[in-house]
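# Geometric and topological summary
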Amino acid sequence: MEIKNPHYEVVAKAIRYIREQQIQQPTLEEISSHVHLSKFHLQRIFKEWAGVSPKKFLQYLTIEKSKALLRAGQSTLETSYQVGLSGSGRLHDLFVRYESCTPGEFKQMGKDLHIHWAIVSSYFGPVIIAETDLGICHVAFLDEEASAEAELQERYPSARLHQGLGANAQALAQYFSTWEIPQQPIQLFLQGTPFQLQVWKALLQIPTAQLRTYQDIGQDIGKPKAVRAIGTAIGKNPIAYLIPCHRVIRGDGQMGNYRWQPERKMAINGFERARFLATEA
């Protein structure tokens, strides 16, 4: 699938540099020099990719104000409003539906499970999408496409794999291309422990372009002391982007780790803010 703005790798490289040089607050000229582009070319790429200028986009990635507010004892929700991360976007509530089962229930489905899969383009790099008859079961950003099928086979060793996109995967691929909400809900099929399923369902309630901490998720599921277990469950999220684990940050306001690279996490959050909530470039 062709993407109109295929510049994620350049953006990711720039974000990686900014992250490393955050204390020095690098200028546009310094960033563009690092990615071996003129500052005018970099400016154009950012505008095409995110819809806003690099300066505006990088403001969305800045977390210093969040850190200061969190350290002052404010709740994450209060902090979100004060740093401009609030909004009415509830895209996931509108177009994602899910079925779920425990590993034991999944095993009872038998060895004849058929999974259709394909690699498609997205604004954040290539992504593999896999789907059963019950819905999408696996979405992952790829840095090495050659290992995609092997990883899928390892996750579902008894399944029969077929290349190609099912109806739900086609809808997701189209969404990644246009960002237009599908006419029919995208169906997910989640396999995990009861605790993992509880955490993943809580992630689905985080509005677009808002952030939550692991402690917030603990409060949401009624287990405020299970922060470490929540982090482990989030790290095993099988559905990248649609189950928005990228919106969960550390309690000190830092973005924290991400299964599919921390720079991609920063890029997605900045992109969502710029694409869905920005009012000016």
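Each chain carries its own residue numbering, running from 1 in the direction its sequence is written. Only residues with pLDDT of at least 70 are given local features in this predicted model, and only at 80 or more are side-chain atom pairs given and counted; all residues enter the totals for whole chains, interfaces and linings. As a convention, hydrogens and water are excluded, and side-chain values are obtained from all of the structure's heavy atoms.

## Some words on the nonpolar core
Judged by nonpolar contacts, the single largest core of 81 residues is most densely connected at Trp49, Phe57 and Phe124. Considering every element that reaches this core, the biggest residue donor is helix α1 (residues 8-20), with seven residues. Residues belong to a common nonpolar core when they are buried Ala, Val, Leu, Ile, Met, Phe, Trp, Tyr or Cys residues joined through side-chain atoms within 4.5 Å. For every residue, the accessible area obtained with a 1.4 Å probe (protein chains only) is divided by the maximum for its type, and the residue is called buried under 20%, exposed over 50%, and partly exposed between those limits. Numbering goes from the N terminus for both helices and strands, where a helix is a DSSP run of H or I of at least four residues and a strand is a run of E of at least two.

## With respect to the packing of helix α11 (residues 194-203) against helix α13 (residues 227-235)
The axes of two packed helices give the description: the angle between them and the distance between them. Every axis in this analysis is a line fitted to C-alpha atoms, fitted for helices over the stretch in contact. Angles between the N-to-C directions lie between 0 and 180 degrees. The contact between α11 and α13 brings their axes to 9 Å, and the two run at 75 degrees. As the angle between them shows, α11 and α13 are arranged roughly perpendicular. Facing Phe195, Gln196, Val199, Trp200 and Leu203 of α11, the residues of α13 in contact are Ala229, Ile230, Ala233 and Ile234. When an angle is under 35 degrees it counts as roughly parallel; over 145 it counts as roughly antiparallel; between 65 and 115 it counts as roughly perpendicular; any other value is oblique. The contact criterion used is simple: two residues touch if any of their non-hydrogen atoms lie within 4.5 Å.

## Quick look at the packing of aromatic side chains
Only Phe, Tyr and Trp rings take part, Trp by its six-membered ring, and two of them pair if their centres are within 6.5 Å. Stacked means planes under 30 degrees apart, edge-to-face means over 60, and tilted covers everything else. The final tally for this structure, using the stated rule, is 16 aromatic pairs. Where Phe124 meets Tyr241, the ring centres are 6.2 Å apart and the plane angle is 25 degrees; that geometry is what we call stacked. Here Phe124 is found in the loop between β2 (114-120) and β3 (127-132), whereas its partner Tyr241 is found in the loop between α13 and β8 (248-249), with 117 residues between them in sequence. Accessibility expressed as a relative area gives 1% for Tyr241, which makes it buried. Taking 5.2 Å as the distance between ring centres and 90 degrees as the angle between the ring planes, the aromatic pair formed by Phe124 and Phe271 counts as edge-to-face. With Phe124 in the loop between β2 and β3 and Phe271 in helix α14 (residues 262-277), the pair connects residues that are 147 residues apart, well separated along the chain. In terms of burial, Phe124 and Phe271 fall into one category: buried. Taken together, the aromatic side chains of Tyr8, Trp49, Tyr123, Phe124, Phe141, Tyr175, Phe176, Trp179, Tyr241, Tyr258, Trp260 and Phe271 make up a single cluster linked through ring pairs.

## What to know about the pattern of salt bridges
Salt bridges are defined by distance alone: a side-chain nitrogen of Lys or Arg within 4 Å of a carboxyl oxygen of Asp or Glu. Under the counting rule described, the total for this entry stands at three salt bridges. Of the charged contacts in the structure, one is a salt bridge between Arg247 and Glu272, with a shortest N-O distance of 2.8 Å. Taken together, the residues Arg247 in the loop between α13 and β8 and Glu272 in helix α14 connect sequence positions 25 residues apart. No difference in accessibility class separates Arg247 from Glu272, as the two residues are buried.

## Some thoughts on the pairing of strand β6 (residues 186-191)
Two faces make up the sheet, and in a regular strand the side chains alternate between them. Among the six residues of β6, five are classified as buried, and the element is accordingly described as predominantly covered. Two strands qualify as a pair provided DSSP detects at least 2 bridges between them. As paired strands, strand β1 (residues 96-101) and β6 are joined by six bridges and run parallel to one another. When the sheet's bridge partners are listed, Cys101 is paired in β6 with Gln191.

## Considering the confidence of the model for the protein
In predicted models, pLDDT denotes the confidence assigned by the predictor to each residue on a 0 to 100 scale. Per-residue confidence for the protein averages 80 on the pLDDT scale, and 81% of its residues sit at or above 70. In the predicted structure, residues 79-92 sits below a pLDDT of 50 and forms 39 contacts with residues beyond four places in sequence or in another chain.

## Comments concerning the layout of surface pockets
Within this scheme a cavity is a closed region of a 1 Å grid, computed over the protein atoms alone, that accommodates a 1.4 Å probe without allowing it to escape, whereas a pocket is open but has protein on both sides within 12 Å along at least five of seven lines; lining residues each have an atom within 4 Å of a point. Grid points are joined across faces, edges and corners, and a volume is the space filled by probe spheres set on the points. Its volume calculated, the second largest pocket comes out at about 290 Å³. Along the walls of the second largest pocket sit 13 residues, with His138, Ala140, Glu151, Arg259 and Trp260 positioned nearest its centre. Where the lining of the second largest pocket is concerned, the elements lending two or more residues are β4 (135-141) and α9 (148-155). Gly counts as polar in this scheme, as do all residues outside two lists: the nonpolar Ala, Val, Leu, Ile, Met, Phe, Trp, Tyr, Cys and Pro, and the charged Asp, Glu, Lys and Arg. Residue composition of the lining of the second largest pocket, grouped by class: four nonpolar, three polar and six charged.

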